[in-house]
Amino acid sequence: MSTLATIAIGMTLLLLALMAFRTFSQGASAQGHFAEQFDGVMAGRYAFMAFAFLCAVLSGLTWMSLSMLAALAAVAFWDAYVYAEATKETDLHIYAGVGALAVFVIYGLDAVL
């Protein structure tokens, strides 16, 4: 992938994230999402992330696998932060973040040693 394409994809994802920061309803509707189907959308995202991670592991792309684990940990901790700000339960997200970080460390150490 060219550098220009990589930058364009990154900027597009950043723009989508900034749109979602306004409010969920405004950001989601601007992106074509609907709150009623949010659980299905999230299930699909995690299934495809798992598939991408499996492909990275099976193809031997250690750096990609580690990047995805770090991203999953970051997402879990971000969700915990958002829910904590709304005084909602955060335990499951914190456990998921710690779990992803633990696998990141173990997998990363195994790759280095």
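Keep in mind that this is a model prediction, so the values were computed, not measured.

A. Representation of helix α5 (residues 91-112) in the model. Its 22 residues place the ends of α5 31 Å apart at the C-alpha level, agreeing with the 32 Å of an ideal helix rising 1.5 Å per residue. Where α5 is buried, its residues touch α4 (62-85).

B. Looking closely at the packing of aromatic side chains. Overall, the coordinates contain one aromatic pair when judged by the stated rule. Their ring planes at 40° and their centres at 5.4 Å tell us that Trp-78 and Tyr-81 sit as a pair that is tilted. Of the two residues, Trp-78 and Tyr-81 both sit in helix α4, three residues apart, roughly one turn of that helix. Taking the relative accessible area as the measure of exposure, Tyr-81 reaches 45% and is therefore partly exposed.

C. Molecular detail of the packing of helix α3 (residues 38-58) against α4. The contact between α3 and α4 brings their axes to 8 Å, and the two run at 155°. On the basis of their axis angle, the class for α3 and α4 is roughly antiparallel. Residues Tyr-46, Met-49, Ala-52, Phe-53, Ala-56 and Val-57 of α3 pack against Met-64, Ser-65, Met-68, Leu-69, Leu-72, Val-75 and Asp-79 of α4. Along the lines of polarity and charge, the residues of the contact of α3 with α4 split into 11 nonpolar, one polar and one charged.

D. Broad picture of α3. Counted at 1.5 Å a residue, the expected span for α3 with its 21 residues is 30 Å, and the 30 Å between its end C-alpha atoms agrees. The first or second residue beyond α3 is Gly-60, which carries a positive phi of 80°.

E. Looking closely at the side chain of Ser-65. Mapping Ser-65 onto the fold places it in helix α4. Excluding its chain neighbours within four sequence positions, the residues that come into contact with Ser-65 are Phe-53, Ala-56, Val-57 and Tyr-107.

F. Representation of the side chain of Thr-90 within the structure. Its place among the elements puts Thr-90 in the loop between α4 and α5. Excluding anything up to four places from it in sequence, Thr-90 contacts Ala-80, Tyr-83 and Ala-84.

Reading the values: the criteria
- Residues numbered from 1 in each chain as written.
- Predicted model: local features only at pLDDT ≥ 70, side-chain atom pairs only at ≥ 80, totals over all residues.
- Heavy atoms only, no water.
- Helix = DSSP H or I, 4+ residues; strand = E, 2+ residues; numbered from the N terminus.
- Expected span 1.5 Å × (residues − 1).
- Contact = heavy atoms within 4.5 Å.
- Phe/Tyr/Trp six-rings, centres within 6.5 Å; stacked < 30°, edge-to-face > 60°.
- Buried < 20%, exposed > 50% of the residue type's maximum accessible area, 1.4 Å probe, protein only.
- Axes fitted to C-alpha atoms, helices over the stretch in contact; angles between N-to-C directions.
- Parallel < 35°, antiparallel > 145°, perpendicular 65-115°, else oblique.
- Nonpolar A, V, L, I, M, F, W, Y, C, P; charged D, E, K, R; others polar.

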